[in-house]
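# Close look at the chain arrangement
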Amino acid sequence: MNSLSQKEPAILGGTACFPQGPPEWPFPDKAVNQVLQEAQQSGIWGKYHGPYLEQLQQELATLHQREQVILCSSGTVAVELALRGLGIGKGDEVILAAYDFEGNFKNILAVGATPMLIDVDSNNCNLDLNLLEQAITKSTKCILVSHLHGGMVPMQALKEFSRKKGIPIIEDACQVPGINIEGRTAGSWGQIGILSFGGSKLLTAGRGGALITSSPQIAQRVKLYSFRGNEAYPLTELQAGLLIPQLQTLQQHHQKRQTNVAYLLQQLGEHSGLTSLTNTNYTNDTSSCPGYYKLGFKYVAEHFAGLSRELFCDSMQAEGIALYPGFRALHTIHSSKRFKQVNQLPMATLCDQNLVVLHHPILLTDEKNMKTIVQAVSHIHDHAKEIIHMYTNNPHKLKHKKSNDYSME
């Protein structure tokens, strides 16, 4: 790519592109603040069951066109409850992409089942439907599918496969609440949909999650498991209240992020060393549009004179940009005794080594900031050899990094 400036990058002592650091999330919101004030004044924030919980359930049911919504304490808990709602346990197998959030893998183990890992699509780094047939055994009881980093799994084809095989789907929409995939809201394609309301998510209550289904039988199993004299995994009345106004602005925020992503990708161009994920193998439906909790890129180290992915991310963070390595591929961090797999999972291995993800808050700002991100990439490109020389053998010099609560979710 063409350099926009010869400015020295911050990691080498220059001024950061965003000296104030990445935007804090969640952003201030008058409607959310009003809920906080009203809850405090009425005392409703301390209720076990109140109008906010009921309203949130109704609005989520309407959005997903499903009858049953069970609110709970996290998206991770919601996945475990979904598995239990399907009656999955010891001796069963659950198909899962080898590149996915680790909590999904651990939830399968938690109910006594075995993850069956399959590789991901080379274009968008999400579940590769072409490998599903090879993963089916007599013990297969579920397909757990996630939409990650701006990638979308072709759900119409997956639904048809599920119907023919009689294998239920749990659709993890934790990164993509409210987006449209082939004419339906993400989370409404499978027997069960999952949402997360964690502190870094697009809909946030600090913590929380939801399980969405049309099956009274699944909902009843979940409720029976969760009830211990009271709900074992509750979402609070106050959390529900905070989510309601966010649902009202969700589509507006999606559109803003999508517009800024399109502009950012156009500004980066095809030869920036950051290759965006692309969605293919869809029907002719044109309504599908990715969600961007994390904007994923394949990092090409050769474009940056061999600068490692980790040092590139360090350099971007020094500029005040929340860019991090993606997930670890599940087969690279767990003993092979804990899972089964289809083939050697080469694409998931590449994702483990090469993916980087940009956290979403900056995508709700303006085009000027998108240009500044491109400028930061250009600075690092132009000074890559200097960065390698100074830091590869002196990692103790990296003093800019600060902790966060979203880089691994």
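Residues numbered from 1 in each chain as written. Predicted model: local features only at pLDDT ≥ 70, side-chain atom pairs only at ≥ 80, totals over all residues. Heavy atoms only, no water.

## Section: the overall build of the chain
If you tally the helices and strands in the chain, you get 13 helices and 14 strands. Whereas a compact globule of 409 residues would reach a radius of gyration of roughly 22 Å, the chain reaches 22 Å, a difference of no more than 12%. A buried classification covers 55% of the 409 residues belonging to the chain. Summarising the internal contacts of the chain: among those between residues at least 6 apart in sequence, 75% fall at separations of at least 24. Total accessible area computed for the chain in this model is approximately 17,900 Å², and 50% of it derives from carbon and sulfur atoms. (Helix = DSSP H or I, 4+ residues; strand = E, 2+ residues; numbered from the N terminus. Rg over C-alpha atoms; globule rule 2.2 N^0.38 Å. Buried < 20%, exposed > 50% of the residue type's maximum accessible area, 1.4 Å probe, protein only. Contact = heavy atoms within 4.5 Å. Areas by Shrake-Rupley, 256 points an atom, 1.4 Å probe, with all protein chains shown as cover.)

## Observations concerning the side chain of Ser226
Position of Ser226 among the secondary structure elements: in helix α7 (residues 216-226). With a relative accessible area of 12%, Ser226 lands in the buried category. What Ser226 contacts, discounting residues up to four positions off in sequence, is Leu81, Glu231, Ala232 and Tyr233.

## Let's talk about helix α9 (residues 309-318)
Of all the 10 residues making up α9, nine are buried; the element is thus mostly covered by neighbouring parts of the structure. For α9, the set of buried residues is Arg309, Leu311, Phe312, Cys313, Asp314, Ser315, Met316, Gln317 and Ala318. Downstream of α9 by one or two residues, Gly320 has phi in the positive range, about 85 degrees.

## Some thoughts on the sheet that holds strand β3 (residues 114-118)
Sheet architecture is open: eight strands sit in the order β1-β9-β8-β5-β4-β2-β3-β13, paired in mixed fashion. Only two strands of the sheet have a single partner each, and these edge strands are β1 (68-72) and β13 (340-341). By the bridge criterion, five bridges tie strand β8 (residues 192-196) to strand β9 (residues 209-213) in an arrangement that is antiparallel. Note on β9: the bridge partner recorded for Ser196 is Gly209. Running over the sheet, helix α3 (residues 75-85) touches β1, β2 (93-97), β4 (140-146), β5 (169-172), β8 and β9 and is turned about 165 degrees from β8. Packed onto the sheet, α7 meets β1, β8 and β9 and runs at close to 25 degrees relative to β1. (Pairing = 2+ DSSP bridges. Axes fitted to C-alpha atoms, helices over the stretch in contact; angles between N-to-C directions.)

## Let's talk about the environment of Pro9
With respect to the element layout, Pro9 can be found in the segment before α1 (30-42). Residue class for Pro9 comes out buried when judged on its relative accessible area of 0%. Separated by 66 residues in sequence, Pro9 and Gly75 place their C-alpha atoms 38 Å apart. Setting aside residues no more than four positions away along its own chain, Pro9 makes contact with Gly14, Glu319, His379, Ile380, His383 and Ile387.

## Here we look at the nonpolar core
Ranked by internal contacts, the top residues of the largest apolar core, which has 88 residues, are Leu56, Leu60, Ile194 and Phe197. For Ile194, the contacting residues outside a window of four places in its chain are Gly75, Ala78, Val79, Ala82, Ile170, Glu171, Asp172, Ala173, Cys174, Ala210 and Leu211. Counting 37 residues, the second largest nonpolar core, distinct from the first, contains Leu12, Ala318, Leu358 and Ala384. (Core = buried A, V, L, I, M, F, W, Y, C linked by side-chain atoms within 4.5 Å.)

## Quick word on the packing of helix α2 (residues 51-64) against helix α8 (residues 237-268)
Remark: α2 packs on α8, axes separated minimally by 8 Å, with the N-to-C direction vectors making an angle of 40 degrees. With respect to their mutual orientation, α2 and α8 come out oblique. The interaxial crossing formed by α2 with α8 has left-handed handedness. Where α2 approaches α8, its residues Pro51, Tyr52, Leu53, Gln55, Leu56, Glu59, Leu60 and Leu63 are matched on the opposing element by Glu237, Ala240, Gly241, Leu243, Ile244 and Leu247. (Parallel < 35°, antiparallel > 145°, perpendicular 65-115°, else oblique. Left-handed = near helix turned anticlockwise from the far one by under 90°.)

## Considering the pattern of salt bridges
In total, this model carries nine salt bridges according to the counting rule given. In this structure, Lys340 engages Glu93 in a salt bridge whose closest nitrogen and oxygen atoms are separated by 2.6 Å. Pair noted here: Lys340 is in strand β13 and Glu93 is in strand β2, with a separation of 247 residues, a long-range link. Residue Lys340 is classed as partly exposed on the basis of its relative accessible area, which comes to 41%. The closest approach of N and O atoms between Lys106 and Glu102, which form a salt bridge, is 3.5 Å. (Salt bridge = Lys/Arg side-chain N within 4 Å of Asp/Glu carboxyl O.)

## Points about the packing of aromatic side chains
Scanning the entire structure with this criterion turns up seven aromatic pairs. Ring pairs connect the aromatic residues Tyr99, Phe101 and Phe327, which therefore count as one cluster. In this structure, Arg184 packs its charged tip against the face of Trp189, placed 4.2 Å from the ring centre. The aromatic ring of Tyr225 is capped on one face by Arg228, whose charged end is 4.8 Å from the ring centroid. (Phe/Tyr/Trp six-rings, centres within 6.5 Å; stacked < 30°, edge-to-face > 60°. Lys NZ or Arg CZ within 6 Å of the ring centre and 35° of its normal.)

## Re the environment of Gln251
By the secondary structure assignment, Gln251 is in helix α8. Among the residues examined, Gln251 registers a relative accessible area of 43% and is labelled partly exposed. Within polar-contact distance, the side chain of Gln251 engages the backbone oxygen of Gly178 at 3.0 Å. (Polar contact = N/O pair within 3.5 Å; in protein donor to acceptor, adjacent residues only side chain to side chain.)

## Details of the sheet that holds strand β10 (residues 274-276)
Hydrogen bonds between backbone atoms are what pair the strands of a sheet, whose relative direction is either parallel or antiparallel. Pairing is antiparallel across the open sheet formed by four strands, whose spatial order is β10-β11-β14-β12. Edge positions in the open sheet fall to β10 and β12 (323-325), since each of these has one partner strand only. Direction aside, neighbouring strands of the sheet carry axes that sit 40 degrees apart on average. Here β10 pairs with strand β11 (residues 294-299) via three bridges, running antiparallel. For Ser276, the partnering residue across the bridge sits in β11 and is Phe297. Where α9 meets the sheet, its contacts fall on β10, β11, β12 and β14 (355-359), and the angle it forms with β12 comes to roughly 160 degrees. In the packing of helix α11 (residues 346-354) onto the sheet, the strands contacted are β11 and β14, and the crossing angle to β14 comes to about 55 degrees.

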